[in-house]
Amino acid sequence: MKKPAEFYQRDLGRHPPAYAPIYKTSVARSPQYPLISLQNSASEITGPVFGHNDIDPIDNDLILNYAQPGEMPIGERIILHGRVLDENARPVPNTLVEIWQANAGGRYRHKKDTYLAPIDPNFGGCGRTMTDEDGYYYFRTVKPGAYPWRNFVNSWRPAHIHVSVFGTGFAQRLISQIYFECDPLIQTCPMVKSIPDAGAVDALIAKLDLNATIPLDSIAYKFDIVLRGRRSTLFENRLEGN
Amino acid sequence: MPQQLNYLRETPSQTAGPYVHIGLAPGSAGFDIYREELGHDIAGPNAKGERIRVEGLVIDGTGSPIKDVLLETWQANADGIYAHPEHPGAVEDGFRGWGRVITDFNTGEWGFDTVKPGAVMGRNGQMMAPHINLWIVARGINIGLNTRIYFSDEETANTADPVMNIIEWEHRRQTLIARRSEPDGKAVYRFDVQIQGQNETVFFDI
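The structure contained in this document is the topic of the report that follows. Within every chain, residues take consecutive numbers counted from 1 along the sequence as written. Following the order in which they are written, the chains are lettered starting with A and the ligands numbered starting with 1. In keeping with the model being predicted, local features are shown solely for residues with a pLDDT of at least 70 and side-chain atom pairs are shown and tallied solely at 80 or more, while totals for entire chains, interfaces and linings include all residues. Water and hydrogen atoms play no part in the side-chain values, which are based on all heavy atoms of the structure.

### Points about the packing of aromatic side chains
Moving on, step 1. In this analysis, rings of Phe, Tyr and Trp, with Trp reduced to its six-membered ring, are considered paired at centre separations within 6.5 Å, and the interplanar angle assigns stacked below 30 degrees, edge-to-face beyond 60, and tilted for intermediate values. Across all of its chains, the model carries 15 aromatic pairs over all chains by this definition.
Moving on, step 2. Ring geometry for Phe50(A) and Phe166(A): centres 4.9 Å apart, planes at 65 degrees, overall edge-to-face. Of this pair, Phe50(A) sits in the loop between α1 (42–45) and β3 (77–86) while Phe166(A) is found in the loop between β9 (160–165) and β10 (174–180), placing the two residues 116 residues apart along the sequence. Comparing Phe50(A) with Phe166(A), the two get one shared label, buried.
Moving on, step 3. Taken together, a centroid distance of 5.4 Å and an interplanar angle of 80 degrees make the contact between Phe166(A) and Trp98(B) edge-to-face. Pair noted here: Phe166(A) is in the loop between β9 and β10 and Trp98(B) is in strand β4 (residues 98–102), and the two residues belong to different chains.
Moving on, step 4. Each residue's exposure class comes from its accessible area (1.4 Å probe, protein chains only) as a fraction of the maximum for that residue type: buried when under 20%, exposed when over 50%, partly exposed otherwise. Residue Phe166(A) is classed as buried on the basis of its relative accessible area of 3%.
Moving on, step 5. Linked through ring pairs, Phe50(A), Phe166(A) and Trp98(B) together constitute an aromatic cluster.
Moving on, step 6. Directly above the aromatic system of Phe166(A) lies the positively charged group of Arg173(A), at a separation of 3.7 Å from the ring centroid. Secondary structure counts use DSSP, requiring at least four H or I residues in a row for a helix and at least two E residues in a row for a strand, with both numbered from the N terminus. Whether a charge sits over a ring depends on NZ of Lys or CZ of Arg being within 6 Å of the ring centre and within 35 degrees of the ring normal.

Next up, the structure:
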């Protein structure tokens with residue numbers, strides 16, 4: 001009988017390196033010594049478990065979850081949906097997915113954001129949901145705007161939604177950013193350019209999904225998230241030391 | 001052409017950015033939106049074991065505290081059991097063992113309250129010393145950094161710990177040990193993380 005064991009080793013060539021000088025803030029915030037390679041133990045294979053009691057159904061609807069009664073945020077109404085899978089293409093069910101984003105004008109509701117675009121009184125900018133039994137998730141929101149940031153003098157972030165995912169083990173913990181198809185700013189972005197593998201960049205770009213669009217209501221983008229897969233023990237490797 | 005393996009590949013990481021709090025701790029970003037934010041109560045009211053506090057700073061390569069950092073903690077209970085279906089044993093009702101920790105935006109100081117975890121069975125039947133797993137994200141951190149918090153009053157267990165012992169440089173092992181003090185009789189551990197530089201904290205590729 002096959003038993004689930006360690007997670008596949010992370011392919012660090014697919015992730016931006018800690019030190020990526022084109023993204024200036026990374027320079028002083030990157031370890032200089034190599035990471036110490038650690039085979040998974042119980043500490044890495046386990047991770048927090050969440051339930052439907054932890055969240056509310058409205059949490060995945062950014063159009064309503066902060067709006068005044070009868071009002072809605074300004075912006076292009078979108079549905080963001082997809083599946084959380086592992087590298088074995090198995091769905092990751094009942095896992096927590098959290099997102100956060102700027103409003104349609106590119107302004108974040110954060111005490112540290114001072115961009116001159118206005119706060120939208122009806123938009124908080126965060127949402128969360130649990131994947132279903134098939135690993136499926138969806139959010140309704142407005143498409144975020146591009147905004148300037150202080151990297152180079154004239155740097156603009158492509159429209160993006162931040163996403164945080166757990167999986168079943170702490171070793172799968174992942175935060176990333178979702179970009180949108182056909183945005184010319186993607187290829188100019190230092191954070192994107194920090195990723196050494198062009199194919200990996202494509203994996204961060206949500207695709208227009210007309211099949212999931214709600215006619216006369218909301219346009220849809222599809223974005224699948226892939227977490228690390230797990231080995232199965234074909235031969236006893238004494239992970240737990242039995 | 002040989003057959004194809006057809007594995008999917010992991011989604012690339014991107015930095016959590018300066019506004020990570022909006023998504024993961026909106027109260028600290030300055031607004032109330034959720035019925036309950038997650039990760040504030042790590043151990044719950046029923047957890048056995050010693051109640052402790054862990055405090056620290058995350059310091060960048062210039063020596064400055066990283067004020068917009070966010071940390072997540074993952075730990076076993078006092079019996080060394082993780083609240084997870086694959087870990088044998090039971091935990092106390094209300095014990096999740098996971099926490100989300102934000103800083104004081106003015107100073108970068110962070111802290112969390114929990115119970116001290118027990119030793120956990122590691123690989124090949126080797127016990128791991130009590131430890132809290134730590135995951136660190138922030139603007140400028142391109143992929144979350146993993147490290148572990150061990151405890152200064154567990155010297156014997158720390159010396160035998162299989163993870164400590166794979167760190168070739170013995171002086172670097174000290175970067176993983178939180179220092180205990182007992183102001184007003186309460187156990188407080190200090191754990192400063194040096195992201196970069198001479199006393200750089202050991203980070204793991206897990």
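Here the narrative resumes.
### Brief notes about the nonpolar core
Moving on, step 1. Counting 47 residues, the largest nonpolar core has Trp100(A), Ile22(B) and Phe204(B) as its most contacted members.
Moving on, step 2. Of all the secondary-structure elements, those providing two or more residues to this core are α1, β4 (96–101) and β5 (126–130) of chain A together with α1 (20–24), β3 (70–75) and β8 (132–137) of chain B.
Moving on, step 3. Here this core gets 3 residues from one element, more than from any other, and that element is α1(B).
Moving on, step 4. Each nonpolar core is a collection of buried residues, namely Ala, Val, Leu, Ile, Met, Phe, Trp, Tyr and Cys, held together in the definition by side-chain atoms within 4.5 Å. By size, the runner-up hydrophobic cluster in this structure holds 35 residues, among which are Leu62(A), Phe123(A), Phe139(A) and Ile161(A).

### Let's talk about the environment of Gly124(A)
Moving on, step 1. One can find Gly124(A) in the loop between β4 and β5.
Moving on, step 2. Contacts were defined at the residue level, with two residues in contact if any of their heavy atoms lie within 4.5 Å. The residues touching Gly124(A), leaving out its near neighbours within four places in the chain, are Tyr66(A), Arg109(A), Ile22(B), Phe31(B) and Ile33(B).

### Observations concerning the pairing of β3(B)
Residue and element names in this part refer to chain B.
Moving on, step 1. Counting buried residues in β3 gives 6 out of 6 residues, a clear majority hidden from the surface.
Moving on, step 2. Every second residue of β3 is oriented toward a common face, with Leu70, Glu72 and Trp74 on one face and Leu71, Thr73 and Gln75 on the other, all of them buried.
Moving on, step 3. Across 5 bridges, β3 lies against β4 in antiparallel orientation. The residue of β4 that forms the bridge with Thr73 is Gly99.
Moving on, step 4. A pair of strands is treated as paired once DSSP finds two or more bridges between them. Where β3 lies against β8, 6 bridges are found, and the strand directions are antiparallel.

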